[in-house]
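Descriptive structure summary
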There are 2 protein chains.
Amino acid sequence: MGTSLPRTTLLLNWYANPYHTPIFVGKALGYYEQAGINLAILETTDPSDVTEIVGTNRVDIGLKAMVHCYAARDRNYPIKSIGTLLDEPPTGLIFLKSSNIKTFADVKGKRIGYVGEFGKIMVDDLAKQAGIASSDYETVRVGMNVADAISRDIVDTGIGIGCFQQVELEHLTGEETGMLRIDELAGLGCCCFCSVLYIVNEKTIAEKPEMLTNFMQATQRATAYTLENPEKAFDILCNKMPRLKTDLYHKIFINSLPYFSRDLKNVARDWNKVGRYAAQLGITPEDHDPENCYTNAFVPEQAYASMPPVSETAQAA
Amino acid sequence: MGTSLPRTTLLLNWYANPYHTPIFVGKALGYYEQAGINLAILETTDPSDVTEIVGTNRVDIGLKAMVHCYAARDRNYPIKSIGTLLDEPPTGLIFLKSSNIKTFADVKGKRIGYVGEFGKIMVDDLAKQAGIASSDYETVRVGMNVADAISRDIVDTGIGIGCFQQVELEHLTGEETGMLRIDELAGLGCCCFCSVLYIVNEKTIAEKPEMLTNFMQATQRATAYTLENPEKAFDILCNKMPRLKTDLYHKIFINSLPYFSRDLKNVARDWNKVGRYAAQLGITPEDHDPENCYTNAFVPEQAYASMPPVSETAQAA
């Protein structure tokens, strides 16, 4: 099964979970193999490690968000997004209703969990905009494990994704939960800063452009399969990763379905918006050029339904 | 927290699980950081990808078994083991007692799960030695997910570790389980071929010898902590990886405790034995030299108790 091909490495943004389903479908159904790619899917135990590992070109492809691309380039890691996996999943401060958090002002005296360094910058900026002194709340780095941290009373609230950590928190505690959406708090008008992107080093773009074209085409085919056959796709994921075969992960999968990008494209409007936000947060310079951060050159122009099967293309190439 | 140091990447042999506890303890308690190492712990979704990724030097350190080192060198991947994590965990064909498998002869007409290509070679060799024709059984590649594969009736039996997959199978099915130990079947007299080793590319040995010394010293310290404070160590693992906080993984942890290598050393006797076995299986040439495959140069000479704290050493370096 393609073991003679050298491996193309893909580093997920966290542990393998339901919103990575299209990638596992593409591998299990042989779409990557038919596109000439022997894909090795790696997980990270710390989301904050991914940018540097892609930035130093130690893996071929990674998953990360827009703000990390801006920050990476500011640190001279030549990272570019080549497409979108998860498009604007609702993100914000999640909490148990019993915590009595109703508006952002209620975080006074509370412990707030954040994912990594930019999450902390965001929380501090939100507080500043809301006129809350930094001495009036505490921040705790919890990675993506905010549901666990709330359920263990390590934090009162923290940043999470609606279709993942909020579902998880409800499941863990059996209590009602709520979310203050960051896009509303920050006046962004969208959750694009949380979109999960396929990122690569510019060196990979220069050296392996055909591989990236084939990768995105196989990924589009796998995404289409996932959207058209959700339950079968989830079964494929679980057969590869049996530890995901639980009610919780099934619920997370169903809740993630609306957010899989259908055309996989980077959205210029979102990059512009997040660029302005990142500049406001001091993560990227004022004179940044969003177009340095992404390219849609590898995303198939046509939707999958009207495309020839990947296998034919791969054979023709 | 050490984020200014470049990351040292470590690729686990599978998903993060209880027998990786010492590595997570070393990271969480700052032992690696004090040794000057900013450790990024990565997981693989396919155990068969690890050898090539270490062999092409895309990660600094990996985890894998002896037979993979022999096979890697035979394929011109310059891999060496620099120490032992898990020492001779009992390994064999696991099954439900209800399957009526009692001796190896009972695999006739059965479906046998194996991990990767060398597992298949081993199963076929065992059958040959036992005079069972290859048409009398079926082999199915199931990776490390043999417990899941048995519980889903994909296979009747398959290769697994006693302290992991056998515990898992019992937990998943609630039935009594059994194991035919491979060491007994193959006349090896030990389960050393299943020991989990810290492996590196020779390039890393040449370029970063101090890092490897510091890594093994911090790892020894973390292993000592794990053995002396098992429940605290398991809590540390679970706080980092909340999805492991289940009765099953706790049981696997307790069952793995006896097999953590205490001195982390490579054992010459085991390498010789596995070398002969690998030659018999055609995985390595008859004239292989086991000493090419490992070095104890980076393992601290003294047991941890009598060593200076890593921090002092790191500061002195």
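Residues numbered from 1 in each chain as written. Chains lettered and ligands numbered in written order. Predicted model: local features only at pLDDT ≥ 70, side-chain atom pairs only at ≥ 80, totals over all residues. Heavy atoms only, no water.

The helix and strand tally for chain A stands at 14 helices and ten strands. Computed over the C-alpha atoms, the radius of gyration of chain A is 20 Å, within 12% of the 20 Å expected from 2.2 N^0.38 for a compact globule of 317 residues. Put simply, chain A has 317 residues, and 60% of those count as buried. Taking the intrachain contacts of chain A between residues at least 6 apart in sequence as the baseline, contacts between residues at least 24 apart amount to 79%. Accessible surface for chain A amounts to roughly 12,200 Å². Of this, 48% is attributable to carbon and sulfur atoms. The averaged location of the 39 negative side-chain charges in chain A is 2 Å from the averaged location of its 30 positive side-chain charges. (Helix = DSSP H or I, 4+ residues; strand = E, 2+ residues; numbered from the N terminus. Rg over C-alpha atoms; globule rule 2.2 N^0.38 Å. Buried < 20%, exposed > 50% of the residue type's maximum accessible area, 1.4 Å probe, protein only. Contact = heavy atoms within 4.5 Å. Areas by Shrake-Rupley, 256 points an atom, 1.4 Å probe, with all protein chains shown as cover. Lys, Arg positive; Asp, Glu negative; His and termini not counted. Charge placed at Lys NZ, Arg CZ, Asp CG, Glu CD.)

Comparison of the two chain copies shows a relationship of rotation about an axis with a shift along it. Note on the copies: chain B fits chain A at an RMSD of 0.0 Å, the axial shift is 0.0 Å, and the rotation between them is 180°. What we have between these two chains is a two-fold relation. No C-alpha of chain B lies nearer the rotation axis than that of Glu43(B), which sits 2.4 Å from it. When the interface residues of chain B are mapped onto chain A, 100% of them again fall at the interface, so both copies present the same face. (Least-squares fit on C-alpha atoms with pLDDT ≥ 70 in both.)

Moving on: the pattern of salt bridges. The full count for this structure, using the stated rule, is 36 salt bridges over all chains. When the shortest N-O distance is used, the salt bridge between Arg7(A) and Glu52(B) registers 3.0 Å. Here Arg7(A), found in strand E1 (residues 7-11), pairs with Glu52(B), found in helix H3 (residues 50-55), and the two come from separate chains. Of the two residues examined, Arg7(A) and Glu52(B), each falls in the buried class. The residue Glu88(A) makes a salt bridge to Arg269(A) at a minimum N-O spacing of 3.0 Å. Of this pair, Glu88(A) sits in the loop between strand E4 (79-86) and strand E5 (91-96) while Arg269(A) sits in helix H13 (residues 268-280), and the two are 181 residues apart along the sequence. The class of Arg269(A) is partly exposed, set by a relative accessible area of 46%. (Salt bridge = Lys/Arg side-chain N within 4 Å of Asp/Glu carboxyl O.)

A separate point is the sheet that holds strand E3 (residues 61-64) of chain A. Read from one edge to the other, the open sheet built from ten strands follows the order E4(A)-E10(A)-E3(A)-E1(A)-E2(A)-E2(B)-E1(B)-E3(B)-E10(B)-E4(B), with strand pairing classed as mixed. Each end of this open sheet is capped by a strand with a single partner; those strands are E4 of chain A together with strand E4 (79-86) of chain B. Averaged over all neighbouring strand pairs, the angle between strand axes comes to 30°, with direction disregarded. Examined bridge by bridge, strand E1 (residues 7-11) of chain B and strand E2 (residues 38-44) of chain B share five bridges and lie parallel to one another. Following the sheet pairing, Leu10(B) is matched in E2(B) by Ile41(B). (Pairing = 2+ DSSP bridges. Axes fitted to C-alpha atoms, helices over the stretch in contact; angles between N-to-C directions.)

Attention shifts here to the interface of chain B and chain A. A common way to state how big an interface is: give the accessible area lost once the parts meet. On the chain A side, the residues contacting the 35 residues of chain B number 35 residues. Area buried by chain B at its contact with chain A is led by Arg7(B), Thr45(B) and Arg58(B), which between them contribute 25% of it. Put simply, chain B and chain A have ten salt bridges between them. Here Lys245(B) ties to Asp148(A) by a salt bridge, and the two come within 2.7 Å at their closest N and O atoms. Taken together, chain B and chain A are joined by 20 residue pairs in polar contact (both at pLDDT 80 or more). Going through the elements one at a time, E1, helix H1 (21-28), E2, H3 and helix H11 (230-240) of chain B are the ones with two or more residues in the side of chain B that touches chain A. Tallying contributions element by element places E2(B) first for the side of chain B that touches chain A, with six residues. Among the residues making up the side of chain B that touches chain A, the classes are represented as 15 nonpolar, seven polar and 13 charged. Sheet analysis places strand E2 (residues 38-44) of chain A next to E2(B), joined by three bridges and oriented antiparallel. (Buried area = accessible area lost by both parts, 1.4 Å probe. Polar contact = N/O pair within 3.5 Å; in protein donor to acceptor, adjacent residues only side chain to side chain. Nonpolar A, V, L, I, M, F, W, Y, C, P; charged D, E, K, R; others polar.)

As a further point, take the side chain of Asn201(B). Residue and element names in this part refer to chain B. Counting through the fold element by element, Asn-201 comes out in strand E10 (residues 196-201). Side-chain polar atoms of Asn-201 contact the backbone oxygen of Gly-55, separated by 2.9 Å. When residues no more than four places from it in sequence are discounted, the contact partners of Asn-201 are Val-54, Gly-55, Thr-56, Asn-57 and Pro-78.

Take the sheet that holds strand E6 (residues 111-114) of chain A next. Residues and elements named next belong to chain A. Read from one edge to the other, the open sheet built from five strands follows the order E7-E6-E8-E5-E9, with strand pairing classed as mixed. Strand pairing shows two members of the sheet lacking a second neighbour, strand E7 (138-141) and strand E9 (177-181), which therefore form its edges. Neighbour-to-neighbour, the strand axes of this sheet turn through a mean angle of 35°, independent of strand direction. Pairing of E6 with strand E8 (residues 157-161), which is carried by two bridges, proceeds in the parallel orientation. Bridge assignment links Gly-113 to a residue of E8, and that residue is Gly-158.

Each regular strand carries side chains that alternate between the two faces of the sheet. Residues and elements named next belong to chain A. The buried fraction of E1 is high, at five of five residues. Of the two faces of E1, the one holding Arg-7, Thr-9 and Leu-11 and the one holding Thr-8 and Leu-10 are both buried throughout. In terms of strand pairing, E1 meets E3 through two bridges, oriented parallel. The residue bridging Leu-11 from the neighbouring strand is Gly-62, located in E3.

Moving on, we get to the confidence of the model for chain A. All names here are of chain A. Model confidence for chain A is summarised by a mean pLDDT of 92, while 94% of its residues fall at 70 or above. This stretch, residues 312-317, has a pLDDT under 50; its non-local contacts, to residues over four places away or in other chains, come to four contacts. Complex prediction metrics read pTM 0.91 and ipTM 0.87. (pLDDT = per-residue confidence, 0-100.)

The next subject is unusual backbone geometry. You will see that Asn76(A), though not glycine, has its phi angle at about 65°, which is positive. You can see Asn76(A) is positioned in the loop between helix H4 (66-74) and E4.

Aromatic rings considered in pairs are described by the distance between their centres and by the relative angle of their planes. Overall, the coordinates contain 20 aromatic pairs over all chains when judged by the stated rule. When the centroid spacing of 5.3 Å and the interplanar angle of 15° are considered together, the rings of Tyr32(A) and Phe215(A) count as stacked. Note that Tyr32(A) is positioned in helix H2 (residues 31-34) and Phe215(A) in helix H10 (residues 209-228), a separation of 183 residues in sequence. The buried category is assigned to Phe215(A), whose relative accessible area is 0%. Every member of this aromatic cluster is reached through a ring pair, and the members are Trp14(A), Tyr15(A), Tyr19(A), Phe164(A) and Tyr249(A). Between Arg221(A) and the ring centre of Tyr31(A), over which it is positioned, the NZ or CZ distance is 3.9 Å. The ring of Tyr15(A) has Arg243(B) lying over it, and the distance from NZ or CZ to the ring centre is 4.3 Å. (Phe/Tyr/Trp six-rings, centres within 6.5 Å; stacked < 30°, edge-to-face > 60°. Lys NZ or Arg CZ within 6 Å of the ring centre and 35° of its normal.)

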